[in-house]
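Residue strings, one per chain:
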Amino acid sequence: MKVLNVSELAKAELHCHLDGSLSLAAIRQLAQMAEIAIPKEDAALRQLVSVQGKVDSLMTYLKLFDFIRPLLQTREALEMAAYDVVQQAAHDGAIYIEIRFAPELSTDKGLTILGSVEAVLSGLERAQKDFGVLAKLLVCGLKQTDPAQTKAIFSAIADLAPKGLVGFDFAGNEVDYPTESLQELIQFTQSLGYPMTFHAGECGCVANVVQALELGIKRIGHGTALSQQPEAINRVVQSGVTIEMCLTSNLQTGAAQTLEEFPYYQLLEAGAKMTINTDNRTVSQTDLIKEYQLFVEHFQTSKADFYRFNCNAIQASFASPKEKEALLEQLRVSYG
């Protein structure tokens, strides 16, 4: 039986955080630009920016992002970071990627929200030309941020669709800020005319996923709490919602304590739309090739499954209909 070479497969990624996915080479260059001292040895640097095994909670995992924050405070830095992540995705065989970031985390030294988003868009545009990967931007609001501030952030960039902004997301502290508490803010975001994805089900609460469905959100980041919840899974299927699965990071944060708790088989058997994602390449020490290999090793995922998951990703993406058509054709040729 021929072994599946997942590195050769065309891939589409919907769930990748900019600040969690910088290569060590880029981190070194950004640190030099920011005049911030960092360890000379890669092993020591990785200790500061990557999870070592499992952590005790999502919030502990998110603390690793604090090291990167000072490095992403200028237009030049953000443009370079965006370029770097697309370059990594290209190496993995990606033909499409949506990269997300929270611009409020890049305003510590006076950079405006608009300036930070424009810088990332510039980096994505340059990378697209150099690597042939269609790259789009999602802007994240943080669940723990004051709603008035988030509204101001989203409003400030609402006209950037022509430059590659395609949607919004909410990430951050799910435990203390459940979906229900964000209902009015979600509805405001939807009124801006962009599609949304939404982090839910990372912290064991399936109600956060269900409430997101009730608010009309068609993509769920993680959704891991759907495990052993057949009624909620049926609602996902009936709603036509797409799940952005992130196996490695979910095991690291304890969203799924074991592979058996990860809802892959249940979602597969129910006919749910699934996609495979890295979440945070650097923090989780992963990439798309590694994620695909894990699915092969642990779940015996086939080439036909991967083709379906990537079609799911393109169809659920926030790309234009014309772009989707071209990307689906690329997938068809790749999976031949």
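Basis of the calculations
Residues numbered from 1 in each chain as written. Predicted model: local features only at pLDDT ≥ 70, side-chain atom pairs only at ≥ 80, totals over all residues. Heavy atoms only, no water. Helix = DSSP H or I, 4+ residues; strand = E, 2+ residues; numbered from the N terminus. Polar contact = N/O pair within 3.5 Å; in protein donor to acceptor, adjacent residues only side chain to side chain. Salt bridge = Lys/Arg side-chain N within 4 Å of Asp/Glu carboxyl O. Buried < 20%, exposed > 50% of the residue type's maximum accessible area, 1.4 Å probe, protein only.

Participant: Whenever I open this one, the environment of Ser191 confuses me. Can you help?
Facilitator: Position of Ser191 relative to the elements: it lies in the loop between helix H7 (183–190) and strand S5 (198–200). Polar contacts involving the side chain of Ser191 include one to the main-chain carbonyl oxygen of Phe188, which spans 2.5 Å.

Participant: Teacher, can you tell me more about unusual backbone geometry here?
Facilitator: Peptide bonds are mostly trans, and most non-glycine residues show a negative phi. Notably, Gln228 is not glycine yet its phi reads approximately 60°, a positive angle. Relative to the assigned elements, Gln228 resides in the loop between strand S6 (219–222) and helix H9 (230–239).

Participant: What am I meant to see in the pattern of salt bridges here?
Facilitator: When the charged atoms of two side chains lie near each other, side chains of opposite charge can form a pair. Under the defined criterion, the tally for this structure stands at 17 salt bridges. A salt bridge links Asp42 to Arg28; the nearest nitrogen and oxygen atoms lie 2.9 Å apart. On the criterion of sequence distance, the pair formed by Asp42 in helix H2 (residues 42–49) and Arg28 in helix H1 (residues 24–34) is long-range, its members being 14 residues apart. Judged by its relative accessible area of 24%, Arg28 is partly exposed. The salt bridge partner of Glu329 is Arg332, with a shortest N-O separation of 2.7 Å. Note that Glu329 and Arg332 are positioned in helix H14 (residues 321–335) at a spacing of three residues, about one turn of the helix. Residue classification places Arg332 among the partly exposed positions, given a relative accessible area of 46%. Among the charged side chains, a salt-bridge network with shared partners connects Glu98, Arg100, Asp169, Arg219 and Glu244.

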